[in-house]
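Chain residues, written in single-letter form:
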Protein chains: 2
Amino acid sequence: MRVRVTSTGLYLPPKVETAEDLAPRVGRSVEWILERTGVFERRVAEEPVESMAAKAAALAIGDGPPPDLIVNASTTPRQALPDTSVFVQRELGWEGIPCHTVHATCLSFLIALHQVAALLTVGAYQRVLIVSSEIGSIGRNWDEPESAVLLGDGAAAALVERTPDDEGSALLAYKMGCWPSGAGLTEVAGGGVLHHPNDPGTRREHNLFHMDGPGIYRMARRRVAIVLRDVLTRASWTQSDVDLVVPHQASGTAVAAVARYGFPPERIVNVVGRFGNTIGASLPMALAAANAEGRMRRGDQVLLVGTGAGLSVAAAALRW
Amino acid sequence: MRVRVTSTGLYLPPKVETAEDLAPRVGRSVEWILERTGVFERRVAEEPVESMAAKAAALAIGDGPPPDLIVNASTTPRQALPDTSVFVQRELGWEGIPCHTVHATCLSFLIALHQVAALLTVGAYQRVLIVSSEIGSIGRNWDEPESAVLLGDGAAAALVERTPDDEGSALLAYKMGCWPSGAGLTEVAGGGVLHHPNDPGTRREHNLFHMDGPGIYRMARRRVAIVLRDVLTRASWTQSDVDLVVPHQASGTAVAAVARYGFPPERIVNVVGRFGNTIGASLPMALAAANAEGRMRRGDQVLLVGTGAGLSVAAAALRW
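The model shown is predicted, which means the values in this text are computed figures rather than measured ones.

The rules behind each value
- Residues numbered from 1 in each chain as written.
- Chains lettered and ligands numbered in written order.
- Predicted model: local features only at pLDDT ≥ 70, side-chain atom pairs only at ≥ 80, totals over all residues.
- Heavy atoms only, no water.
- Pairing = 2+ DSSP bridges.
- Helix = DSSP H or I, 4+ residues; strand = E, 2+ residues; numbered from the N terminus.
- Axes fitted to C-alpha atoms, helices over the stretch in contact; angles between N-to-C directions.
- Polar contact = N/O pair within 3.5 Å; in protein donor to acceptor, adjacent residues only side chain to side chain.
- Buried < 20%, exposed > 50% of the residue type's maximum accessible area, 1.4 Å probe, protein only.
- Core = buried A, V, L, I, M, F, W, Y, C linked by side-chain atoms within 4.5 Å.
- Contact = heavy atoms within 4.5 Å.
- Nonpolar A, V, L, I, M, F, W, Y, C, P; charged D, E, K, R; others polar.
- Domains from an automatic or database assignment.
- Buried area = accessible area lost by both parts, 1.4 Å probe.
- Salt bridge = Lys/Arg side-chain N within 4 Å of Asp/Glu carboxyl O.

**Student:** Before we go on, may I ask you to explain the sheet that holds strand E12 (residues 301–308) of chain A in this structure?
**Tutor:** Strand pairing in a sheet relies on backbone hydrogen bonds, with the paired strands running either antiparallel or parallel. Residues and elements named next belong to chain A. Strand order across the open sheet formed by four strands is E8-E13-E12-E11, with mixed pairing between neighbours. Two strands in the sheet have a free side with no partner beyond their single neighbour: strand E8 (170–178) and strand E11 (244–247). On average, each strand axis in the sheet is tilted by 10° relative to the strand beside it, whichever way the strands run. The pairing of E8 with strand E13 (residues 312–319) spans eight bridges and is classified as antiparallel.

This is the structure we're talking about:
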């Protein structure tokens, strides 16, 4: 599909929490945190999730006109309803623009990008804003240090449009799969009707994040290989054709493991040490950070890939 | 876009609550309930939200093969993460199928249908299952009788495919708009990061439904007219070309008000009296009920229309 990411925006809330700050809270050493997660600092939001989204969006939009569709591709909502896209639009001072939320946990941005590409291709919209903004820090379970020291907050946005006739940008291939037998590997069991906030049986732990990192790795490894092979084949690429890999920043180990699929480490965007795992915002934050550093030029072959709760795997091949 | 709703499924949980049952709980008479809302009975779920979704989906799928994409178009999730589509897939006994959730409150199904049409048109998928399943009853605020007696539970599903070459089914026109200045008219303020379940400041009321029916009507009336005019114009229809109107079943008053836009009442699907307002499941439940009653034949001109939290308005013109 002939679409392009015209511009991106990255927003980091100012408050920094370092591995040194968290070590006493989880009863582990700084070395343990760095070795297990690779996260030496993360941001923690002290503002609403839609405020972060709007700041990233404003950077992506720049001086341009408002978009004709807003897609919030995030996991942590502001509230149960209306959906968060409404509040992002309100924060940006707009009225009348269609908007909705796409939720596929850590893969929300990738799934949204694919849908938006289809909507642009059929001419339904011309100029679409995708925003991902997450406050995962609120769900940190200090009794589960492995995941608590991973999570961070932040937001990113991307403006997506049809590719002008004289350019070559495209979404060349895309693939997603979900295997519900892995649903328990990454969970926040509360926050819905199963353990409703007003249910007296709902416990504090239900509303906190649980993640079985090694379990995910065991289950995901082969499935990621299959999804990557499929996407590379359909893009007519081999590993060496890929200029830049932008993976979901699940953990230092997870990002490092991407190299095992045949990509040189210097071509893999790695920001997890600075940002932590920001759930649905991780992948677009990595994309926006790489874009801000000038790591992609038009025509570059960019591979997006990630795993998410589900257990889910997705990848997309972009000619930037 | 040349797509068709191949089949639909409707699931009603068995437990019925009548206006007589609810009158004492809200301190109002049966007559008051019927006059204000038109809802004489609604279903109340005693099973998980994904179980209802799977039962509706199984009816839509029938003896056919599994879909190649599952879209959960609903507002009330099972839990915060993974997203509910994962659990719907698990309930159906499938593995590996891509899935995600689209959330746009009461318009979730309409927005999902439009996206799915685009995805089918570009050839990304061949056979897509859209499911909407809601347990809104859990958020009933008995101190706000006007909304408490409206809400009900239920699920519906639709199988959507590309139209075979020798048929004429199509999504002819679609329009959505959202006006965040109306965000406070329909709300569940809890359930997200603003009033997180573990926040000691979160009150019981935050997790309950609030709706300002008259306020919605005042704000929506003109906007619905504009959206309808746009969709009818793009479909090259006038009101009299519409064989069937399937509105979101917000309330008896809201469904009756659809006639004011120039449609004869006998062509407007009205199931709100039996089902209540089932949030995102309302519109597809009305569609599935009408389909089960044989009210649509291939070639019929069907108009879907609704308002939702946001305040949002959407409509779609389908050649069935």
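Having seen the structure, we can now continue with the description.
**Student:** Help me out: how do you make sense of the side chain of A:Asp153 in this one?
**Tutor:** Locating A:Asp153 in the fold gives a position in strand E7 (residues 153–162). A distance of 3.0 Å separates the side chain of A:Asp153 from the backbone nitrogen of A:Gly136, its partner in a polar contact.

**Student:** Can you walk me through the pairing of strand E13 (residues 312–319) of chain B in this structure?
**Tutor:** Along a regular strand, successive side chains alternate from one face of the sheet to the other. All names here are of chain B. Of all eight residues making up E13, seven are buried, and the element is well covered by its neighbours. In this structure, strand E12 (residues 301–308) lies alongside E13, joined through eight bridges in antiparallel fashion. Bridge pairing links Val 302 to Leu 318 in E13.

**Student:** Can you walk me through the nonpolar core in this structure?
**Tutor:** One broad rule of soluble globular proteins: the nonpolar side chains tend to lie buried together. Among the nonpolar cores identified, the biggest contains 94 residues, and A:Ile111, A:Val246, A:Leu304, B:Ile111, B:Val246 and B:Leu304 are the most heavily contacted of them. The residues touching B:Ile111, leaving out its near neighbours within four places in the chain, are A:His100, B:Val102, B:Ala104, B:Tyr174, B:Met176 and B:Ala314.

**Student:** Whenever I open this one, the interface of chain B and chain A confuses me. Can you help?
**Tutor:** Size of an interface: often given as the accessible area lost when the parts come together. Each partner contributes to the interface: chain B provides 64 residues, whereas chain A provides 64 residues. At the junction of chain B and chain A, the tally comes to 31 residue pairs in polar contact (both at pLDDT 80 or more). The set of elements that each furnish at least two residues to the side of chain B that touches chain A consists of helix H4 (84–91), strand E5 (99–103), helix H5 (108–121), strand E8 (170–178) and strand E9 (186–187) of chain B. In terms of residue count, H5(B) provides more of the side of chain B that touches chain A than any other element does, six residues in total. Partitioning the side of chain B that touches chain A into residue classes produces 36 nonpolar, 22 polar and six charged. Where strand E5 (residues 99–103) of chain A meets E5(B), three bridges bridge the pair, whose relative direction is antiparallel. From the neighbouring strand, A:Val102 faces E5(B), where its bridge partner is B:Val102.

**Student:** Help me out: how do you make sense of the domain arrangement of chain A in this one?
**Tutor:** Residue and element names in this part refer to chain A. Split into domains, chain A comes out as domain 1 (3–162) and domain 2 (170–319). Placing a centre on the C-alpha atoms of domain 1 and another on those of domain 2 gives a separation of 14 Å. Counting from both sides, the interface comprises 45 residues of domain 1 and, opposite them, 44 residues of domain 2. With both sides pooled, the region where domain 1 packs onto domain 2 buries about 3,400 Å², and carbon together with sulfur makes up 70% of that total. Per-residue buried area on domain 1 facing domain 2 is highest for Cys 106, Leu 107 and Leu 110; these three make up 18% of the total on that side. Taken together, domain 1 and domain 2 are joined by zero salt bridges. The interface formed by domain 1 and domain 2 contains 13 residue pairs in polar contact (both at pLDDT 80 or more). Among the elements of the structure, strand E1 (3–11), helix H2 (30–37), strand E3 (41–43), helix H5 (108–121), strand E6 (127–135) and E7 are those that each provide at least two residues to the side of domain 1 that touches domain 2.

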